Amino acid sequence: MKYKLGLEDCAKGGDGASTRYSKTTFQYRVTGLPPRHEAFIREVDGRWKLMLVIDGVQSNWTGDYESPEAVRDELQKEFD
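Q: Just checking my understanding: could you explain the environment of Thr25 for this structure?
A: Residue placement: Thr25 occurs in strand S2 (residues 25-31). Distance from Thr25 to Glu8, taken between C-alpha atoms, is 9.8 Å for residues 17 residues apart in sequence. Apart from the residues lying within four places of it in its own chain, the contact partners of Thr25 are Asp9, Ala11, Lys12 and Trp48.

Q: When you look at unusual backbone geometry in this model, what are you seeing that I'm missing?
A: In most cases, non-glycine residues show a negative phi, while peptide bonds are predominantly trans. In this structure, Arg36 is a non-glycine residue whose phi angle is positive, near 70°. Arg36 gets classed as exposed once you look at its relative accessible area, which sits at 62%. Even without glycine at this site, Asp55 takes up a positive phi of about 55°. Its relative accessible area of 52% is what places Asp55 among the exposed residues.

Q: When you look at the nonpolar core in this model, what are you seeing that I'm missing?
A: Among soluble globular proteins, nonpolar side chains are generally buried collectively. Membership of the largest hydrophobic core is limited to 12 residues, which are Tyr3, Leu5, Tyr28, Val30, Leu33, Ala39, Ile41, Trp48, Leu50, Val71, Leu75 and Phe79. Listed by contribution, the elements that provide at least two residues to this core are S2, strand S3 (37-44), strand S4 (47-54) and helix H1 (68-76).

Q: Just to check I follow, could you spell out the pairing of S2 for this structure?
A: Residues in a regular strand point their side chains to alternate faces of the sheet. The pairing of strand S1 (residues 6-12) with S2 spans 6 bridges and is antiparallel. For Ala11, the partnering residue across the bridge sits in S2 and is Gln27. In this sheet, S3 lies alongside S2 in antiparallel orientation, the contact comprising 3 bridges. Looking at the pairing, Gln27 lines up with Arg42 of S3. Here S2 folds back onto S3 in antiparallel fashion, the turn holding 5 residues, of which Gly32 has a positive phi close to 85°.

Parameters at a glance
Residues numbered from 1 in each chain as written. Predicted model: local features only at pLDDT ≥ 70, side-chain atom pairs only at ≥ 80, totals over all residues. Heavy atoms only, no water. Helix = DSSP H or I, 4+ residues; strand = E, 2+ residues; numbered from the N terminus. Contact = heavy atoms within 4.5 Å. Buried < 20%, exposed > 50% of the residue type's maximum accessible area, 1.4 Å probe, protein only. Core = buried A, V, L, I, M, F, W, Y, C linked by side-chain atoms within 4.5 Å. Pairing = 2+ DSSP bridges.

Purely geometric numbers; function is a separate question.
As structure tokens, this is what we get:
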């Protein structure tokens with residue numbers, strides 16, 4: 001395995017008065033990708049989706065996963 005993917009939180013919700021979401025991460029950046037590749041994982045309506053950016057070209061949000069780790073693990077298969 002040349003690339004070992006990880007997750008880094010990059011957006012959290014609930015900066016207001018509600019403490020329910022104050023520490024909840026709703027978007028992650030995938031780390032460990034090859035050069036000129038970026039990936040983001042975001043929660044949408046309780047499910048997790050993936051967006052790829054390759055050579056500056058951004059994809060749409062795709063997928064329907066139960067967790068950010070499930071998205072990362074699926075993406076990892078592309079680099080194994």
